[in-house]
Amino acid sequence: MSNHASTYEPKSATAKWWDERLPVPRMMHDQFVDFPTPRNLNYLWTFGGILTFCLVAQLVTGIVLAMHYVPTADDAFNSVDHIRRDVNYGWLLQAMHATGSSMFFLAVYVHIFRGLYYGSYRAPREILWILGVFILLAMMATAFLGYSLPWGQMSFWAVTVITNLFSSLDSVIPGLGTGIVEWLWGGYAVSGATLNRFFSLHYLLPFVIFGLVILHIWALHVAGQNNPTGLNIKTKSDSLPMYPYAVAKDAVALFAFVIVFAWFVLFLPDYLGHADNFIEANPLVTPPHIVPEWYFLPFYAILRAIPDKLGGVIAMFASIAILAFIPWLDRSPVRSTKYRPIYKWFFWLFLFACLALGYLGSKPAEGVYVFWARIFTAYYFAHFLLVMPIVGSIETPTKLPGSITDAVLGKSPGKSGATGGGGVPAGATAAPEDR
Amino acid sequence: MANLWQFAPLKFSTRLHAFLRNLGLKAAVLLATGNMACGTLLFDDDPLEGGRSMTADVEDPNRRDILVVAASAFSAVGAASLIWPFVHQMNPDAGAQALASAEFDLAPVQVGQAITVMWRGKPVFIRHRTAEEIEAAKKVPVEDLPDPLSRNDNEPGTPATDANRTLEGHEKWLVMVGICTHLGCIPKGQTLADSKGDFGGWFCPCHGSHYDTAGRIRKGPAPRNLDIPPYTFLSDTKIRIG
């Protein structure tokens, strides 16, 4: 879609001068003002903008907090206290940053499930999707590194447990895992050296995410946005200019999101954290019940479901890595789950399995919890490896609307399948868009 | 342009419309903004009212105007006020402000000796001046001084006489922030081995500023006399700075 004809016309002599040298205003106009967006986007499509807001908010508050935070084992815990009590508006900035990570993950999970439901990962958006998987990985790494910084009990033991995941490699090559873990720690246990390097990396990774996001948006603007029908934009009436239509809608959703965000920041700043993290890190005492932040719970449940150290670690990383392969695992002739009568049920089952794994991850690893964690872990992988290819192959989609316009105006389903064009990913790539 | 309503269910907007009407917001916004015909409308029609053109006029602003103006105003004020915490966080924090005053015992400081104490992270020179030093300082006519002001936070705006550079009844004690008013170096002159400059007070080695026995600039690039912090004597030998 980035090849839609440019409608930018420099109005002043200065604008013209710039346009001939560095046409940034032209790019902004063509990509973010006059960019054609499907006219049927629903509110689930506003989360891209919300996530951009989250990233910027985390960057700005993080840069500010780094002006006051001290990354040493002796002073880290007290410096967070200092930020919350002494620094002007530190109570607000610290709460925004800590709560912001939860809001970021909340938004990214909605964004991911929207992509899963409407088939946003299908051709020609595979690279767009895979970039998203890398962004998710970088987000998880950043959140984990950041969680170590307050240097409370949960911070310390989260670092200990998660870095120890690599020690499972000892069962492959004796000494390999221990070597990696000591390299990560910079010592023979988690120490101030670990904290200092984690702070450095926690500052670095958000800028890596920022770069990935630029590529993600670039890829989005080449393929164009997916939409609830999964059909391509074929005629001018299928789309609306991004400004003001999509921008206004994004703004409404962002306001609603910021209200929730602000509610947590102002009224429940520590609700999403753990009481144990108000106790300074103590290498001699492990808290009785260690749980990660809520956004890691499903993965934590998968880790603990596998009764083998290395196997659990592999399963946990595989649960994210497998997302990169779903553009090719999904064999359905249509993109959107809206037109998939069988797969629809599996989608909701998958969402339920993820929520259930989240619940189970917060429970002790014993008895019935482990049993159910294994069931849902099995389904998590089966969904991608069995349901996606098999249901996609055998299912007959319901009739697709003839176009986005038809879907919007409520016309009865017209030609479906191959002649409809956009609904079929393979056909979509073959048929150039008519704009 | 009915397609706009793909973005919001009609029912909700109908109810919102009725709600705003009941509140009399139309009138309120009209009064507040005065001019609704400024052409800033995001949306150019109103399906509920039969798709009017975008020339909304002063007499009849539509619901879109109210929403756009109200939302824009709220977000502009909100965003602007959110900038302040991000600026103010760099100002001295409560911990730094708590160091704003400090007390010192001057009993061990003999005549002719000087000590340097820390106040707000800055060096403060306290010299127990000899009678000759006080006499030398008093002899200088204020008109001959490059900086005629006392620069004394306890007596702001007064001329730079020796009396105005000290506290009444405690003239033997000269208390100054020991930072050269040129570019912030620390002048020499506190210890016996130091060069005290051409006027027997202090000498800044960075760019050659000479201060006299009342800490007044006499020669060199410094523009002002050494600053005198706010201080009081709690007793004859006990001082509180700040």
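Whatever comes next refers back to the structure up there.
Attention in this report is confined to the structure presented alongside it. By convention here, each chain's residues receive numbers from 1 onward along its written sequence. Lettering of chains starts at A and numbering of ligands starts at 1, both following the order in which they are written. Only residues with pLDDT of at least 70 get local features here, since the model is predicted, and only at 80 or more are side-chain atom pairs given and counted; chain-wide, interface and lining totals rely on the full set of residues. Working from all heavy atoms in the structure, the side-chain values ignore hydrogens and water.

Describing the pattern of salt bridges
Where charged atoms from two side chains of opposite charge approach closely, those side chains can pair. Residue and element names in this part refer to chain A. What makes a salt bridge here is a side-chain nitrogen of Lys or Arg within 4 Å of a carboxyl oxygen of Asp or Glu, nothing more. Under the defined criterion, the tally for this structure stands at 17 salt bridges over all chains. When the shortest N-O distance is used, the salt bridge between Asp19 and Arg26 registers 2.7 Å. For every residue, the accessible area obtained with a 1.4 Å probe (protein chains only) is divided by the maximum for its type, and the residue is called buried under 20%, exposed over 50%, and partly exposed between those limits. A relative accessible area of 15% places Asp19 in the buried class. Note that Arg340 is salt-bridged to Asp330, the shortest N-O span being 3.4 Å. One end of the pair, Arg340, is in the loop between helix H13 (326-329) and helix H14 (343-361); the other, Asp330, is in the loop between H13 and H14, and 10 residues separate them in sequence. Bridged by salt links that share partners, the residues Arg122, Asp330, Arg340 and Glu395 form one connected network. Only DSSP runs of H or I reaching four residues or more are called helices, and only runs of E reaching two or more are called strands; each is numbered from the N terminus.

Focus on the interface of chain B and chain A
Residues count as neighbours in contact if any of their non-hydrogen atoms are within 4.5 Å of one another. Chain B puts 21 residues into the contact, and the matching count from chain A is 24 residues. In this description, buried area is defined as the sum, over both parts, of the accessible area (probe of 1.4 Å) that is lost when the two are combined. Taken together, both faces of the contact between chain B and chain A bury some 2000 Å²; the carbon and sulfur share is 68%. We call two N or O atoms a polar contact when they sit within 3.5 Å, provided that within protein one can donate a hydrogen and the other can accept it, with sequence-adjacent residues counted only if both atoms are side-chain atoms. In this assembly, chain B and chain A are joined by 6 residue pairs in polar contact (both at pLDDT 80 or more). With 7 residues, the single largest contributor to the side of chain B that touches chain A is helix H3 (residues 63-88) of chain B.

A look at the state of the cysteines
Linking two cysteines covalently through their sulfur atoms gives a disulfide. All names here are of chain B. Here, the term disulfide refers to a pair of cysteine sulfur atoms separated by no more than 2.5 Å. Throughout the structure, instances matching the rule amount to 1 disulfide over all chains. Shown here is the disulfide that connects Cys185 with Cys206, its sulfur atoms set 2.1 Å apart. Of note, the bridge from Cys185 to Cys206 carries an S-S torsion of about -100° and is left-handed in sense. Here the residue Cys185 occupies a position in the loop between strand E4 (173-177) and strand E5 (200-204), and Cys206 occupies one in the loop between E5 and strand E6 (209-212), the gap between them amounting to 21 residues. Judged by relative accessible area, which is 39%, Cys206 ranks as partly exposed. Not engaged in a disulfide, the cysteine Cys204 finds its nearest cysteine sulfur in Cys180; these two sulfurs lie 3.8 Å apart.

Side note on the nonpolar core
Remark: nonpolar core denotes a set of buried residues (Ala, Val, Leu, Ile, Met, Phe, Trp, Tyr, Cys) joined through side-chain atoms within 4.5 Å. Core analysis: the largest hydrophobic core is formed by 104 residues, its most contacted members being A:Phe105, A:Leu116, A:Leu136, A:Tyr380 and A:Phe384. Of the residues forming this core, the biggest block, 15 residues, is contributed by helix H5 (residues 90-118) of chain A. What A:Tyr380 contacts, discounting residues up to four positions off in sequence, is A:Phe299, A:Ile302, A:Ser319, A:Ile322, A:Phe350, A:Cys354 and A:Leu357. Formed by 26 residues, the second largest nonpolar core is a distinct cluster that contains B:Phe104, B:Trp173, B:Leu174 and B:Met176.

Describing the sheet that holds strand E3 (residues 122-128) of chain B
Residue and element names in this part refer to chain B. A pair of strands is considered paired only if DSSP assigns at least 2 bridges between the two. If you trace the 3 strands from one edge of the open sheet to the other, you get E2-E3-E4, paired in antiparallel fashion. Edge positions in the open sheet fall to strand E2 (114-119) and E4, since each of these has one partner strand only. Going from strand to strand, the sheet's axes swing by 20° on average, the running direction of each strand aside. Taken together, the 5 bridges between E3 and E4 define a ladder with antiparallel strand orientation. Bridge pairing in E4 places His128 opposite Trp173. Axis lines are fitted through C-alpha atoms, for helices just across the contact stretch, and the angle between N-to-C directions can take any value from 0 to 180 degrees.

As for the sheet that holds strand E1 (residues 102-105) of chain B
Residues and elements named next belong to chain B. With antiparallel pairing, 3 strands are arranged side by side in an open sheet as E1-E9-E8. Edge positions in the open sheet fall to E1 and strand E8 (231-233), since each of these has one partner strand only. On average, each strand axis in the sheet is tilted by 20° relative to the strand beside it, whichever way the strands run. Sheet topology places E8 next to strand E9 (residues 238-241); 3 bridges connect them, and they run antiparallel. Across the sheet, residue Phe233 finds its bridge partner in E9, namely Ile239.

Regarding the side chain of A:Arg335
Residues and elements named next belong to chain A. For Arg335, the location among the structural elements is in the loop between H13 and H14. In this structure Arg335 comes out as buried when scored by relative accessible area, which is 1%. Here the side chain of Arg335 touches Gly230 through a polar contact of 2.5 Å, landing on its backbone oxygen. Within polar-contact distance, the side chain of Arg335 engages the side chain of Asn232 at 3.1 Å.

Remarks on helix H3 (residues 47-65) of chain A
The terminal C-alpha atoms of H3(A) lie 26 Å apart, and with 19 residues this matches the ideal 27 Å at 1.5 Å per residue to within 8%. Buried within H3(A) are the following residues: A:Phe47, A:Ile50, A:Leu51, A:Cys54, A:Leu55, A:Ala57, A:Gln58, A:Leu59, A:Thr61, A:Gly62, A:Val64 and A:Leu65. Tucked into the core, H3(A) has its buried residues touching helix H4 (76-85), H5, helix H9 (192-223) and helix H10 (242-267) of chain A together with H3 of chain B. Expected helix span is taken as 1.5 Å per residue step, with the number of steps being one fewer than the number of residues.

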